[in-house]
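Examining the three-dimensional arrangement
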Amino acid sequence: MALEVIYKKMHSVKFKVLEYWAVYVVSVVMNCVGDESVLSGRRSYIEMLTDLGNSAVVILIILTLVVVVFYILYFLLRYYSLRQNFSAEFTRIMRAHSEGINQNRICGGVSWGQNRTLWTAPNLIMGLESQNVVIADYDDTPYVFPSDLAQEFADYEQSEYLTNIRSLGNDLPRYMLSKYGANVDKVRPILTLQLKKTSWGACQFVWNRFVGCDDKEARQVKQKEWCGNIVQEHLDSGLRVARYPNSLCLHLVIETVDGNVIITSISKDKSNDYPSTKAVSIGEQLDLADFIDVNDFRKNFVNEWVRRSICEEFGLSESQYDDEFTESSIRVLALDMEQDIYNFALVTTIKMKHDCEYFKSVVNATIDHKEISDMTELSLSSIPEILMNYNKNRNEYHPSSYLRLLLFYLYKNGYRRTCKDFSELNLQV
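Scoring rules and cut-offs
- Residues numbered from 1 in each chain as written.
- Predicted model: local features only at pLDDT ≥ 70, side-chain atom pairs only at ≥ 80, totals over all residues.
- Heavy atoms only, no water.
- Helix = DSSP H or I, 4+ residues; strand = E, 2+ residues; numbered from the N terminus.
- Buried < 20%, exposed > 50% of the residue type's maximum accessible area, 1.4 Å probe, protein only.
- Contact = heavy atoms within 4.5 Å.
- Areas by Shrake-Rupley, 256 points an atom, 1.4 Å probe, with all protein chains shown as cover.
- Patch = residues over 30% accessible without salt bridge, like charges linked within 9 Å, V, L, I, M, F, W, Y side chains within 5 Å.
- Salt bridge = Lys/Arg side-chain N within 4 Å of Asp/Glu carboxyl O.
- Lys, Arg positive; Asp, Glu negative; His and termini not counted.
- Charge placed at Lys NZ, Arg CZ, Asp CG, Glu CD.
- pLDDT = per-residue confidence, 0-100.
- Expected span 1.5 Å × (residues − 1).
- Polar contact = N/O pair within 3.5 Å; in protein donor to acceptor, adjacent residues only side chain to side chain.
- Core = buried A, V, L, I, M, F, W, Y, C linked by side-chain atoms within 4.5 Å.
- Phe/Tyr/Trp six-rings, centres within 6.5 Å; stacked < 30°, edge-to-face > 60°.
- Pairing = 2+ DSSP bridges.
- Axes fitted to C-alpha atoms, helices over the stretch in contact; angles between N-to-C directions.

Across its full length, the protein chain carries 15 helices and 15 strands. Within the protein chain, buried positions represent 49% of all 429 residues. Relative to all contacts within the protein chain whose residues are 6 or more apart in sequence, the contacts with residues 24 or more apart total 72%. In the structure as shown, the protein chain presents an accessible area of about 20,900 Å², 53% of it carried by carbon and sulfur atoms.

Printed below as a string of structure tokens:
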């Protein structure tokens with residue numbers, strides 16, 4: 001077992017260890033205080049608490065030493081885990097399975113396929129607790145394209161396609177990521193987001209500049225022009241700005257109680273989002289009600305976003321959500337960039353209370369089959385092989401699913417184990 005995984009298990013019980021020890025200490029002290037010899041004055045409290053002939057005192061001493069050793073090992077493993085990085089071999093593997101600008105601009109980020117991270121949780125095997133992702137600002141004035149794109153967008157607004165969309169009332173508001181930043185506090189890391197109002201039509205105009213390019217080389221030119229600027233500016237000066245309309249998304253990886261990953265099949269009728277491909281596990285665009293409560297930002301908007309997404313995708317009620325999911329397990333793993341369409345997403349994970357088969361029996365009658373045509377599960381051990389076959393089977397999964405799988409594997413196994421597993425598999429291939 002990787003040392004990082006041992007650290008993760010120790011982290012999950014560190015407060016319980018201290019709690020059990022404290023309860024036993026109080027019990028021993030109270031027994032000593034209430035002892036007849038102490039009450040009669042024949043012995044002092046100190047004599048009772050240092051009497052090695054008292055089995056309870058001996059056990060207390062042993063437990064205290066165990067707790068001290070536990071915490072020494074815990075902090076040593078924590079220090080070790082936080083210093084872990086990718087091996088040179090794994091970096092080469094990651095680059096070989098990344099497209100476009102990712103091939104030359106890994107630079108400490110995580111990349112697979114057409115997606116790459118702009119930020120990852122500082123302690124990835126623990127993830128970032130959802131309340132530590134905060135919205136610093138929201139600008140509700142609609143986005144205006146810069147002068148070099150203003151006329152092109154004005155022409156697009158007059159197109160029959162967008163005119164029909166608007167006549168049906170479907171050119172809805174979207175909430176774009178405009179800036180992001182993170183502190184350097186390892187004790188309480190915080191990811192801050194700044195949002196701005198835009199529209200579905202503006203996002204579609206941007207996405208069409210990528211999706212509309214059937215020629216691979218032409219598409220990569222646009223990726224280098226737009227996405228490349230963001231990555232390069234980030235690497236050169238730390239500037240973290242999204243310049244064009246996007247719709248901030250939630251990429252939610254759902255873990256079953258037995259450690260598998262929920263896989264959903266995108267309906268063939270969902271023509272605007274890679275129909276008939278597999279997704280890990282669901283995705284949902286940010287809504288105003290997710291992050292604003294009356295006139296103020298929600299204290300934990302990620303939890304609200306996850307709850308709404310799951311309830312809507314699977315047709316669950318609020319009470320069913322509470323019955324099926326452990327909300328305290330929500331962790332944010334990364335902020336990533338979808339370079340196939342120029343978009344941004346929070347990669348997040350949540351754990352279910354049951355296995356896949358039980359969950360399917362719960363949602364079978366409520367799931368929207370126009371969105372999800374089927375649901376299966378994937379074992380953790382099968383993830384490396386799926387990712388290593390990306391260049392052969394890149395159309396099997398939704399483009400963003402490959403990076404989600406890698407981040408989840410890192411979250412469950414740590415850097416050392418991940419590098420080892422992929423390097424061994426690479427030798428076999």
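From this point on, the discussion continues.
Bringing a negative patch on the surface into the picture now. Where like charges cluster on the molecular surface, the negative patch consists of Asp258, Asp355, Glu357 and Glu377. Positionally, Glu357 belongs in helix H13 (residues 356-363). A residue is classified by how much of its surface remains accessible, and Glu357, at 52% relative accessible area, is exposed.

For the protein chain, the average pLDDT comes to 86, and 87% of its residues sit at 70 or higher. Within the protein chain, the lowest mean pLDDT, 58, falls on helix H9 (residues 216-237), and the highest, 98, falls on strand E7 (residues 249-255).

Taking 1.5 Å of rise per residue, the 28 residues of helix H4 (residues 55-82) would be expected to cover 40 Å, and the 40 Å separating its terminal C-alpha atoms lies within 8% of that figure. Among the residues of H4, those classed as buried are Val57, Leu60, Val67, Phe70, Tyr71, Tyr74, Leu77 and Ser81. Its side-chain oxygen at 3.0 Å from the backbone nitrogen of Ala56, Asn54 defines the N-terminal cap of H4.

Okay, the environment of Glu327 next. Relative to the helices and strands, Glu327 resides in strand E13 (residues 325-338). The partly exposed category is assigned to Glu327, whose relative accessible area is 28%. Taking the C-alpha atoms as reference points, Glu327 and Ser130, 197 residues apart in sequence, are found 9.8 Å from one another. The contact partners of Glu327, leaving out residues within four places of it in the chain, are Asn303, Arg307 and Tyr321. A distance of 3.4 Å separates polar atoms of two side chains, one belonging to Glu327 and the other to Tyr321.

Once that is clear, we can look at the nonpolar core. Membership of the largest hydrophobic core comes to 99 residues, with the highest contact counts inside it found for Trp112, Phe301, Ile310, Phe314 and Leu346. The element that contributes the greatest number of residues to this core is helix H15 (residues 401-428), accounting for 13 residues. Listed in part, the 9 residues of the second largest apolar core include Val67, Tyr71, Leu77 and Ile125.

Any two aromatic rings considered together are summarised by their centre-to-centre distance and by the angle between their planes. One pass over the structure, following the stated rule, counts 29 aromatic pairs. Here Phe86 and Phe90 contribute two aromatic rings whose centre-to-centre distance is 4.8 Å and whose plane-to-plane angle is 35 degrees, an arrangement assigned as tilted. Each member of the pair, Phe86 as well as Phe90, carries the same accessibility label: buried. An angle of 85 degrees between the planes, with centres 5.3 Å apart, marks the rings of Phe90 and Phe422 as edge-to-face. Of this pair, Phe90 sits in helix H5 (residues 88-96) while Phe422 sits in helix H15; the two residues are 332 residues apart in sequence, bridging distant segments of the chain. With respect to burial, Phe90 and Phe422 carry one shared label: buried. Through pairs of rings, three or more aromatic residues link up here, namely Phe86, Phe90, Trp112, Tyr409, Tyr415 and Phe422.

Moving on to the pairing of strand E10 (residues 282-285). Going residue by residue along E10, you find Ile282 and Glu284 tucked away on one face and Gly283 and Gln285 left uncovered on the opposite face. Across 4 bridges, the pairing between E7 and E10 is antiparallel. Opposite His251, over in E10, you have Gly283 as the bridge partner.

With respect to topology, 3 strands assemble into an open sheet ordered E4-E6-E5, the strand pairing being mixed. Each having just a single partner strand, strand E4 (133-139) and strand E5 (173-182) make up the two edges of the open sheet. Between one strand axis and the next, the sheet turns through 30 degrees on average, direction left out of account. The sheet contact formed by E5 and strand E6 (residues 191-199) spans 9 bridges and is antiparallel. Looking at E6, one finds that Met176 is bridged to Lys196.

Next up on the list: helix H11 (residues 301-314). For H11, which comprises 14 residues, the first-to-last C-alpha distance of 20 Å matches the rise-based estimate of 20 Å (1.5 Å per residue) to within 8%. Across the 14 residues of H11, 12 count as buried, placing the element largely inside the fold. By the burial criterion, the buried members of H11 are Phe301, Val302, Asn303, Trp305, Val306, Arg307, Arg308, Ser309, Ile310, Cys311, Glu313 and Phe314. Remark: Gly315 follows H11 within two positions and exhibits a positive phi of approximately 70 degrees.

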